[in-house]
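Listed here are the chains, written in short residue letters.
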Amino acid sequence: MELNIRLAELQKRTIEHREVLLTEEAAKTALVMPFLQSLGYDVFNPSEVVPEFTADVGTKKGEKVDYAICAGG
(Lines give C-alpha, C1' and ligand atoms only; values in the text may rest on other atoms or scores of the structure.)
Protein backbone atom coordinates (compact mmCIF):
# COMPACT_ATOMS: atom_id res chain seq x y z
CA MET A 1 0.00 0.00 0.00
CA GLU A 2 1.29 3.44 -0.85
CA LEU A 3 2.38 5.88 1.83
CA ASN A 4 -0.24 8.50 0.94
CA ILE A 5 -3.03 5.93 1.36
CA ARG A 6 -1.68 4.72 4.71
CA LEU A 7 -1.39 8.30 5.95
CA ALA A 8 -4.93 9.10 4.80
CA GLU A 9 -6.20 6.09 6.75
CA LEU A 10 -4.26 7.23 9.81
CA GLN A 11 -5.74 10.71 9.47
CA LYS A 12 -9.23 9.21 9.33
CA ARG A 13 -8.50 7.12 12.45
CA THR A 14 -7.22 10.22 14.25
CA ILE A 15 -10.41 12.16 13.52
CA GLU A 16 -12.65 9.23 14.48
CA HIS A 17 -10.92 8.48 17.79
CA ARG A 18 -9.70 11.83 19.06
CA GLU A 19 -12.43 12.02 21.69
CA VAL A 20 -11.27 8.78 23.35
CA LEU A 21 -7.52 9.32 23.10
CA LEU A 22 -7.31 10.70 26.61
CA THR A 23 -3.86 9.51 27.64
CA GLU A 24 -0.39 9.75 26.17
CA GLU A 25 -0.11 5.96 26.04
CA ALA A 26 -3.40 5.67 24.15
CA ALA A 27 -2.20 8.22 21.60
CA LYS A 28 1.15 6.46 21.16
CA THR A 29 -0.54 3.10 20.63
CA ALA A 30 -3.28 4.33 18.32
CA LEU A 31 -1.37 6.99 16.37
CA VAL A 32 2.41 7.03 16.78
CA MET A 33 3.07 3.32 16.37
CA PRO A 34 0.85 3.02 13.26
CA PHE A 35 2.55 6.14 11.86
CA LEU A 36 6.00 4.60 12.32
CA GLN A 37 4.71 1.38 10.73
CA SER A 38 3.38 3.32 7.76
CA LEU A 39 6.89 4.69 7.26
CA GLY A 40 8.13 1.11 7.03
CA TYR A 41 9.54 0.55 10.52
CA ASP A 42 8.90 -2.61 12.52
CA VAL A 43 7.66 -1.18 15.83
CA PHE A 44 7.82 -4.64 17.41
CA ASN A 45 11.52 -5.07 16.66
CA PRO A 46 13.44 -3.54 19.60
CA SER A 47 16.62 -3.29 17.54
CA GLU A 48 14.79 -1.06 15.05
CA VAL A 49 12.38 0.99 17.19
CA VAL A 50 13.35 1.49 20.84
CA PRO A 51 10.65 2.73 23.24
CA GLU A 52 11.63 4.98 26.15
CA PHE A 53 15.10 5.60 24.73
CA THR A 54 17.56 7.64 26.79
CA ALA A 55 18.80 10.36 24.45
CA ASP A 56 21.69 12.48 25.59
CA VAL A 57 21.56 15.64 23.49
CA GLY A 58 23.74 18.66 24.08
CA THR A 59 23.72 19.61 27.74
CA LYS A 60 20.69 17.42 28.53
CA LYS A 61 21.71 14.06 29.92
CA GLY A 62 19.39 11.19 30.73
CA GLU A 63 16.40 12.64 28.87
CA LYS A 64 14.00 10.02 27.56
CA VAL A 65 12.19 10.13 24.26
CA ASP A 66 9.09 8.05 23.56
CA TYR A 67 10.59 6.21 20.59
CA ALA A 68 13.98 6.12 18.88
CA ILE A 69 14.46 4.75 15.39
CA CYS A 70 17.77 2.93 15.17
CA ALA A 71 19.38 3.15 11.78
CA GLY A 72 22.53 1.13 11.29
CA GLY A 73 22.87 0.19 14.95
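Residues numbered from 1 in each chain as written. Predicted model: local features only at pLDDT ≥ 70, side-chain atom pairs only at ≥ 80, totals over all residues. Heavy atoms only, no water.

### Topic: the pattern of salt bridges
According to the stated counting rule, one finds three salt bridges in the structure shown. The salt bridge partner of Glu 52 is Lys 28, with a shortest N-O separation of 3.7 Å. Of this pair, Glu 52 sits in strand β1 (residues 49-54) while Lys 28 sits in helix α2 (residues 24-38); the two residues are 24 residues apart in sequence, bridging distant segments of the chain. Asp 66 serves as the salt-bridge partner of Lys 28, at 3.6 Å between the closest nitrogen and oxygen. Placement of Lys 28 in helix α2 and of Asp 66 in strand β2 (residues 64-69) is noted, with a sequence separation of 38 residues between them. Beyond isolated ion pairs, a larger network of salt bridges with shared partners links Glu 25, Lys 28, Glu 52 and Asp 66. (Salt bridge = Lys/Arg side-chain N within 4 Å of Asp/Glu carboxyl O. Helix = DSSP H or I, 4+ residues; strand = E, 2+ residues; numbered from the N terminus.)

### Focus: the environment of Ala 55
By secondary structure assignment, the location of Ala 55 is in the loop between β1 and β2. Residue classification places Ala 55 among the buried residues on the basis of a relative accessible area of 18%. With 13 residues separating them along the chain, Ala 55 and Ala 68 place their C-alpha atoms 8.5 Å apart. With sequence-adjacent residues up to four places away left out, Ala 55 is seen in contact with Lys 60, Glu 63 and Val 65. (Buried < 20%, exposed > 50% of the residue type's maximum accessible area, 1.4 Å probe, protein only. Contact = heavy atoms within 4.5 Å.)

### Details of α2
Counted at 1.5 Å a residue, the expected span for α2 with its 15 residues is 21 Å, and the 20 Å between its end C-alpha atoms agrees. Those residues of α2 that sit buried are Lys 28, Met 33, Pro 34, Leu 36 and Ser 38. On its buried face, α2 is in contact with α1 (3-17), β1 and β2. Phi for Gly 40, located one or two positions after α2, is positive at around 100°. (Expected span 1.5 Å × (residues − 1).)

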